[in-house]
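Results of the structural survey
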Amino acid sequence: MSSPSPATPEKTHSKSSGYRPDIDGLRALAVFAVFFFHAFPEVVRGGFIGVDVFFVISGFLISSIIFSRLESGSFSFRDFYSRRIRRIYPVLITVLFACLAFGALFLLSHGLFSVYFILNGEYAQLGKHVAGGAGFISNILLWFESGYFDKTAEAKPLLHLWSLGIEEQFYIVWPLLLWLAWKKRFNFFAVSALFAVVSFGLNLYVYRTDPVADFFSPLTRFWELLAGAMLAWAFLHPGSSPFTWKADSSGPVPVIGLLRKHERLRHILSMTGGLLLAVSVFFVKNTDTEGYPGAWALFPVLSAVLLIAAGKDGWFNKQILSCRILVWFGLISYPLYLWHWPFLSVARIVLRDEPPLWWRIAAFPASVLLAWLTTKLIENPLRFGKYGNIKTVCLFAVMLCLGLTGFVIFKKDGFRSTLPYMTRTLENVLEKRGKTNPAFYNGCHQDSHDKYGECPHRTSHPSKPTIAIWGDSHAAHLVTGFEQNFGDRFNILQRTGDTCPAILSGKQTQCLKKNQAVLKEFARIRPDYVVLAGFWHSLPALDNTIAELRKNGMEHIAVVGPVPVWKRELPIELIRAYQKDTILPDRIRMEERKFARIDKAMSEQSKAWQVHYISPVRFLCNQQGCLARIGDSADRILYFDTDHLTEAGSGYLVSLFRNDPFFRTERRAFARHESGAENAAGSL
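Residues numbered from 1 in each chain as written. Predicted model: local features only at pLDDT ≥ 70, side-chain atom pairs only at ≥ 80, totals over all residues. Heavy atoms only, no water.

With that out of the way, let us pick up the overall build of the protein chain. Scanning the protein chain for helices and strands turns up 27 helices and 10 strands. Taken over 684 residues, the protein chain has a buried fraction of 56%. Sequence-distant contacts, at least 24 apart, represent 78% of the contacts inside the protein chain between residues at least 6 apart. Summing over all exposed atoms, the protein chain offers an accessible surface of approximately 30000 Å²; the carbon and sulfur share of this is 61%. (Helix = DSSP H or I, 4+ residues; strand = E, 2+ residues; numbered from the N terminus. Buried < 20%, exposed > 50% of the residue type's maximum accessible area, 1.4 Å probe, protein only. Contact = heavy atoms within 4.5 Å. Areas by Shrake-Rupley, 256 points an atom, 1.4 Å probe, with all protein chains shown as cover.)

Take the packing of aromatic side chains next. In the structure shown here, the tally under the stated rule is 43 aromatic pairs. Relative to F216, the ring of F215 lies with its centre 5.2 Å away and its plane at 80°, an arrangement referred to as edge-to-face. Residue F216 is classed as buried on the basis of its relative accessible area, which comes to 4%. Judged by centre distance (5.6 Å) and plane angle (70°), the ring pair of Y529 and F662 falls under edge-to-face. Within this pair, whereas Y529 is found in strand β5 (residues 529-533), its partner F662 is found in the loop between α26 (647-655) and α27 (666-682), the two being separated by 133 residues in sequence. (Phe/Tyr/Trp six-rings, centres within 6.5 Å; stacked < 30°, edge-to-face > 60°.)

Applying the stated criterion across every chain yields a total of 2 disulfides. Across a sulfur-sulfur distance of 2.0 Å, C500 and C511 are joined as a disulfide pair. Note on the C500 and C511 pair: the S-S dihedral is about 100°, so by sign convention the disulfide is right-handed. A residue pair is termed long-range when its members are at least 10 positions apart, and C500 in the loop between β4 (491-496) and α21 (509-525) and C511 in helix α21 qualify at 11 residues. Residue classification places C500 among the buried positions, given a relative accessible area of 5%. (Disulfide = S-S within 2.5 Å.)

Let's shift gears to the sheet that holds strand β9 (residues 621-622). If you trace the 3 strands from one edge of the open sheet to the other, you get β7-β10-β9, paired in antiparallel fashion. On the outer flanks of this sheet lie β7 (587-588) and β9, each paired with one strand and no other. Note: β7 against strand β10 (residues 625-627), 2 bridges, orientation antiparallel. Its bridge partner being in β10, R587 is matched across the sheet by L627. (Pairing = 2+ DSSP bridges.)

Next up on the list: helix α7 (residues 162-183). Since the α-helix turns once every 3.6 residues, residues separated by three or four places project in the same direction. Here α7 contains 22 residues, and its C-alpha end-to-end distance of 33 Å stays within 8% of the 32 Å for a straight helix at 1.5 Å per residue. Where α7 ends, the next residue or the one after it, R185, has phi of about 60°, a positive value. (Expected span 1.5 Å × (residues − 1).)

At their nearest, the axes of helix α5 (residues 122-134) and helix α6 (residues 138-145) sit 8 Å apart, and the two run at 140° to each other. As far as their axial angle goes, α6 and α5 are oblique. Here α5 contributes Q125, K128, H129, G132 and G133 to the contact with α6, which in turn contributes S138, L141, L142 and E145. In terms of residue class, the contact of α5 with α6 is made up of 2 nonpolar, 5 polar and 2 charged. (Axes fitted to C-alpha atoms, helices over the stretch in contact; angles between N-to-C directions. Parallel < 35°, antiparallel > 145°, perpendicular 65-115°, else oblique. Nonpolar A, V, L, I, M, F, W, Y, C, P; charged D, E, K, R; others polar.)

Attention shifts here to the nonpolar core. The biggest cluster of nonpolar side chains holds 106 residues, and the ones touching the most others in it are F67, L92, L96 and W174. Sequence-distant contacts of L96, that is, excluding residues within four places in its chain, are made with V130, G133, A134, L158, L161, M399 and L402. Counting 48 residues, the second largest nonpolar core, distinct from the first, contains F490, I575, L653 and F663. (Core = buried A, V, L, I, M, F, W, Y, C linked by side-chain atoms within 4.5 Å.)

A few words on unusual backbone geometry. Peptide bonds are trans in most cases, and residues, glycine excluded, mostly fall at negative phi. We note that Y387 has phi near 60°; this positive angle belongs to a residue other than glycine. Tracing the backbone through its elements, the reader meets Y387 in the loop between α17 (357-383) and α18 (388-411). On the basis of relative accessible area, Y387 is assigned to the exposed category, the value being 58%. Within the chain, T499 stands out as a residue other than glycine whose phi angle is a positive 50°. Position of T499 relative to the elements: it lies in the loop between β4 and α21. Residue T499 is classed as partly exposed on the basis of its relative accessible area, which comes to 42%.

Taken together, the side chains of I172, V173, L176, L177, L180, L194, F195 and V198 define a hydrophobic patch exposed on the protein surface, amounting to about 660 Å² of accessible area. Those elements giving two or more residues to the nonpolar patch turn out to be α7 and α8 (188-209). Looking at the nonpolar patch element by element, the count peaks at 5 residues for α7. (Patch = residues over 30% accessible without salt bridge, like charges linked within 9 Å, V, L, I, M, F, W, Y side chains within 5 Å. Salt bridge = Lys/Arg side-chain N within 4 Å of Asp/Glu carboxyl O.)

This is the structure we're talking about:
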């Protein structure tokens, strides 16, 4: 997942401490972390925590302004939102317009890239994300887009706007809540703390139940901005007590009071905050098994709180964060963030692959140059100076037009109707993705064993033997073919789920728990044949699985090797070939054949496992290339993406081993079933 935009405060100062150059320096380090995470994720694997730092900074600075103006009686909703528009809109409008212009150039090129861009739904998606960015709901859109067969995040140039959505959603409700609290003379710190505790608690709960929602939901992120808000109140009221509901209570606030008296304590907080920031950047990670934010976000949030609390005279703040070059980068951190991700994402769209090293390195100075030019030529003239109200209205109108333009592009489906019939047919396969194979939505492809209760594939014909298919999505995509080719002779039992191969070891606890439940079920129902299949990145550790199956009386075990894996989605590969030769080929040569090496290794290992081995590579590939489609129709292609079979592909592949001698042994199974039936009849 991508990381978000820098905090966008009015100015880096607070009422009590004046200008804070160290906060601009902190902003610079945060945006550096985010950039290097995107460009070199294997090195700076926790750089995405820059979002948490930005949220704390934003909460601190903006809340300082709201608190002080409410208490002085000078707060105005109109003035607040007018300033927000003049701060946020100029750079955002520029980036949104640039992305739309890039998409239009692709569209008008009428070349191979144009077809890719439209065919893969990227132009329609760009329009939707422009509309979402203009309306500050990118996080909501991305939340509902997330899924196993969703397009990769790297192909979304405006992915990074999700955090700006969370930030602005916060500032839609926060000033109103504070105004109501001020009317009731409630303590701002107590109000902030109450909502922060609720939000953090919700974060911990949703982290366990729905990690995607935890990442994108504003409700599970607000506590980070509120941490900054509580710190802002403490700075504005060093002599007031936060532990009361009423605003006129007095009493010492130990931390802020001690900080103003003891220089050594400021240095300790500053160094601790700097250390926590480094630990967060290099050791916190967001994986499929661990997720983020959860409690992990406490590290960067506490880091930012300690650094801000230490003040500009803390050692790390003064010596490092207040460095002039860091302060300069901090002043352009907002446009720098908005520009850097489109640079990296566009390269992935054009190349259909990871950008080369030189591009990722060049993206940084290019983004810095654009950020500086945007600040100097667009943001500052529109943000400052005369005619503030006119500027606000014009910026709002331009943003509205951009949003409507993006919405029209999305509703027009990226103008796919301009493509030839053949490409539209292939596009339909690509758009449907998993829906092109019933095995992915028949109720039997689940992430938990408990959910198989709704699965229609049951051993319901006692006169037939049963084939059980067990594994991940690469096992699931075979099920339709087994039903078509073996359904007349066998019961077909499907036990599959995303990213969960039939391996009884590993760190994926949910997957391991599910597989143990499947094994227990198999031990009870004793299927006659077990077919193990998966997305084999390397030689799989199936020793325990095979041993446990045999231990429970299942001797007929088949292992299906890897299917050929395309470099790009197969519909895109076919369009590429068609654009080059004006012929839709049956076979395409493949440059990378790692799957062939894995296939060979698994074939040899199967002898040691003493199981039957089925090689899709042997069936689908020859010297002329690997099979891409069957028949004369463009929609009869074998894959809907790089490695998952369509219904047609599944039916064709499994038909090639319909007469495999391994599956002719069903006569013994028939004899066993018939014997069981006769014994049952004799007992009546």
